[in-house]
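# Reading the structure
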Amino acid sequence: TVIRIIGGLLSAFELSREAVFLRKAEELAGLMMYSFKANPETGVPCTTISLDGSRRCTFPTWTQRNAILAEFGTIQLEFKYLAHHTGRKEFWEVAERQIRNVRGRTQPAGLYPNFMSPKTLRWTTTKVSMGALADSFYEYLLKQWLLTQRTEPYLRTMFDEAMLGMARSMVARSTPSELVYIADYVSEGKLVHKMDHLACFLPGTIAVALHHGVIPRGEGHEEVAEGILKTCIDMYRMTPSGIAPEILSLGPGNTPEVRRNDRHNLLRPETAESLYFVGLLTGKPRYRRAAWDMFAAFRAGSRASDGAYTSLDDVYAQPSRRRDDMPTFWLAETLKYLFLNFAPPTLLPLDGWVFNTEAHPLRIFPRGAEAAGAAAA
C-alpha cells in the first residue's frame with residue numbers, strides 16, 4: 001500500500017502539482033497510522049491492516065509473527081515526503097523510528113537480517129538477503145539520504161557499511177562459468193548459492209551511489225555492478241523464451257541451474273531497472289540492446305490477445321502456460337524502466353529525482369528547504 005498506492009499518488013502530485021493527489025495520499029496514510037501503535041514500545045507497524053474501520057493489525061504466521069525488514073524498512077521515502085509537503089511531523093516520526101530500531105543493533109557482517117521481533121526488536125534470524133524480504137530496505141537507506149538533501153548522514157553511514165558487508169560476505173563468483181552473483185547469507189562462512197531475480201536491483205542502486213559520489217569510482221565497484229548485471233542479463237538469455245526465471249541456483253561445481261519450482265516469471269522489473277541506471281552511468285549501448293531484447297521476449301511470450309501481459313508458469317516451456325494475471329509492477333516499473341532506457345537522460349535527471357522502489361519518481365527536496373521535513377522530526 002505504501003510503496004504502490006501512496007508512492008504513486010505522491011509521484012502523480014509531484015509530476016502534475018494537482019493537490020488532490022497529495023490530499024488522497026495524506027488521507028490514506030492517516031488511515032494507516034493506527035498500525036504503528038499496535039506495538040507502542042517499539043512502533044513497528046503491522047504487516048496486514050484494514051482500512052474499513054475494523055483496525056485489523058496482524059503479522060503473518062509464516063514469519064512466526066515477526067516483522068519483515070523490507071516492509072517496515074521501505075516506508076521512509078513516502079512518509080518523509082508526506083511530512084515535508086504537509087507539515088505533519090507524525091509521518092516523519094513513525095518512519096524514522098523504524099530506522100532507529102535497527103540502527104546500531106548487533107548485526108552479522110554489517111548487514112541486516114530479514115526478520116525482527118516487533119515486540120523486542122531482536123533479530124529472529126541470521127539470514128540476510130538482497131532478494132526477497134530485504135531488498136528495498138538497502139535501496140531506501142541511500143534514497144532517503146538523497147531525498148532529504150544529504151542532511152541525515154547516519155543513513156549514508158548505514159548504506160556504506162551495508163554495501164561493504166555485502167561485497168565482503170555475499171558476492172560470489174561461479175566456476176568455471178564466471179557468473180558474479182549475490183548469494184544469501186546464512187551465517188559466517190555459510191551461504192546459500194542462489195540469486196533471486198529480485199536481487200537484480202542492486203547494480204542499479206550501486207550505479208546511483210556511484211553517480212552521486214557515495215561510492216568512489218575506480219575502486220572496482222563499477223565492475224561488481226556490471227558483473228552482477230551480466231548475470232541478470234544471462235538469466236534471460238539462457239532460456240528458450242528469452243525470459244528470466246524467478247531464481248537462479250548454482251548447483252554442484254557452481255554450475256548454473258534453474259530448479260523446476262523456480263522456472264516461473266512474474267514480469268519483474270529489477271533487471272530493466274539496473275539496465276537503465278547502469279546504462280546512464282556507463283553510456284554503454286549494450287545495456288540498451290539488452291533492454292530491447294527483454295522487451296521483445298516479453299512481447300513474444302507474455303502478451304495476451306487483448307494486449308495485456310501475463311505471468312508465466314515455466315520460461316523453459318514453449319509455449320509456457322500463462323497465469324492470467326498482470327502484477328501492478330509490470331506497468332509501474334518494468335515497462336517504465338524499459339521506456340526510460342530509450343528516453344533522453346534529461347527526462348528525469350538523477351541529480352533532481354529519486355525513484356521509490358515501485359519506480360515512482362519523487363523530486364529531491366530543494367536546497368535550503370530540506371529543513372521543512374527535518375524540522376518535522
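Residues numbered from 1 in each chain as written. Predicted model: local features only at pLDDT ≥ 70, side-chain atom pairs only at ≥ 80, totals over all residues. Heavy atoms only, no water.

### Topic: the layout of surface pockets
The space that makes up the largest pocket amounts to roughly 960 Å³. Here the lining of the largest pocket is built from residues that sort into 21 nonpolar, 7 polar and 9 charged. Lining the second largest pocket are 15 residues; nearest its centre among them are Asp-160, Met-163, Leu-164, Ile-215 and His-221. For the lining of the second largest pocket, the secondary structure elements donating two or more residues are helix H7 (153–169) and helix H9 (221–237). For the lining of the second largest pocket, the element with the highest residue contribution is H7, accounting for 6 residues. Within the lining of the second largest pocket, the residues separate by chemical class into 10 nonpolar, 2 polar and 3 charged. (1 Å grid on protein atoms, 1.4 Å probe; cavity = no way out; pocket = protein on both sides within 12 Å on 5 of 7 lines; lining within 4 Å. Points joined across faces, edges and corners; volume = space filled by probe spheres on them. Nonpolar A, V, L, I, M, F, W, Y, C, P; charged D, E, K, R; others polar. Helix = DSSP H or I, 4+ residues; strand = E, 2+ residues; numbered from the N terminus.)

### So, the nonpolar core
By size, the foremost hydrophobic cluster in this structure holds 115 residues, and its most contacted members are Ile-6, Phe-79, Met-130 and Tyr-138. Looking at this core element by element, the count peaks at 8 residues for helix H6 (residues 135–147). Apart from residues lying up to four places away in sequence, Met-130 is in contact with Leu-111, Asp-135, Tyr-138, Met-163, Met-166, Met-170, Ile-182, Leu-198, Ala-199, Phe-201 and Leu-202. (Core = buried A, V, L, I, M, F, W, Y, C linked by side-chain atoms within 4.5 Å. Buried < 20%, exposed > 50% of the residue type's maximum accessible area, 1.4 Å probe, protein only. Contact = heavy atoms within 4.5 Å.)

### A look at empty space enclosed by the protein
To find leftover empty space, one rolls a probe the size of a water molecule over the atoms. Here the structure, examined in full by the defined rule, presents 1 cavity of 30 Å³ or more. The computed volume of the largest cavity comes to approximately 60 Å³. What lines the largest cavity is simply Lys-143, Leu-146, Val-208, His-212, Phe-277, Leu-350, Trp-353, Val-354 and Phe-355. Of all the elements in the fold, those that place two or more residues in the lining of the largest cavity are H6 and strand E12 (353–355). With 3 residues, E12 is the largest single contributor of residues to the lining of the largest cavity. Broken down by class, the residue content of the lining of the largest cavity amounts to 7 nonpolar, 1 polar and 1 charged.

### Considering unusual backbone geometry
Geometrically, the link from Thr-175 to Pro-176 is a cis peptide bond, its omega value of 0 degrees lying close to zero. A cis amide bond links Gln-318 with the next residue in sequence, Pro-319, at an omega value of -5 degrees. Within the chain, Glu-178 stands out as a residue other than glycine whose phi angle is a positive 60 degrees. When you line up the elements, Glu-178 lands in the loop between strand E5 (171–173) and strand E6 (180–182). On the basis of relative accessibility, which here comes to 43%, the residue Glu-178 falls in the partly exposed class. One non-glycine residue with positive phi stands out, namely Asp-324, at about 60 degrees.

### Quick notes on helix H12 (residues 328–340)
A rise of 1.5 Å per residue sets the reference length of H12, with its 13 residues, at 18 Å; its end C-alpha atoms lie 18 Å apart and thus fit the reference within 8%. Of all the residues in H12, the buried ones are Phe-329, Trp-330, Ala-332, Glu-333, Thr-334, Tyr-337, Leu-338 and Leu-340. Summarising the contacts, the buried residues of H12 are in contact with helix H1 (2–16), helix H10 (270–282), helix H11 (285–301) and E12. (Expected span 1.5 Å × (residues − 1).)

### Overview of H10
Over its 13 residues, H10 extends 18 Å from the first C-alpha to the last, a length consistent with the 18 Å expected when each residue adds 1.5 Å. Within H10, 11 of the 13 residues are buried, which leaves it mostly tucked inside the rest of the structure. For H10, the complete set of buried residues consists of Glu-270, Thr-271, Ala-272, Glu-273, Ser-274, Leu-275, Tyr-276, Phe-277, Val-278, Gly-279 and Leu-281. Those residues of H10 that are buried lie in contact with H6, helix H8 (202–211), H9, H11, H12 and E12. Gly-283 lies just past H10 and shows a positive phi near 70 degrees.

### Some remarks on the packing of aromatic side chains
Tallied over the entire structure, the rule returns 19 aromatic pairs. Considering the side-chain rings of Tyr-81 and Phe-365, the 6.5 Å spacing of their centres and the 40 degrees angle between planes classify their relative orientation as tilted. Residue Tyr-81 is located in helix H4 (residues 76–86), and its partner Phe-365 is located in the loop between strand E13 (361–363) and helix H13 (371–376); the two are separated by 284 residues in the primary sequence. Relative to Phe-277, the ring of Tyr-276 lies with its centre 4.9 Å away and its plane at 55 degrees, an arrangement referred to as tilted. According to the relative accessible area criterion, Tyr-276 is buried, its value standing at 3%. What makes Phe-277 buried here is its relative accessible area of 3%. (Phe/Tyr/Trp six-rings, centres within 6.5 Å; stacked < 30°, edge-to-face > 60°.)

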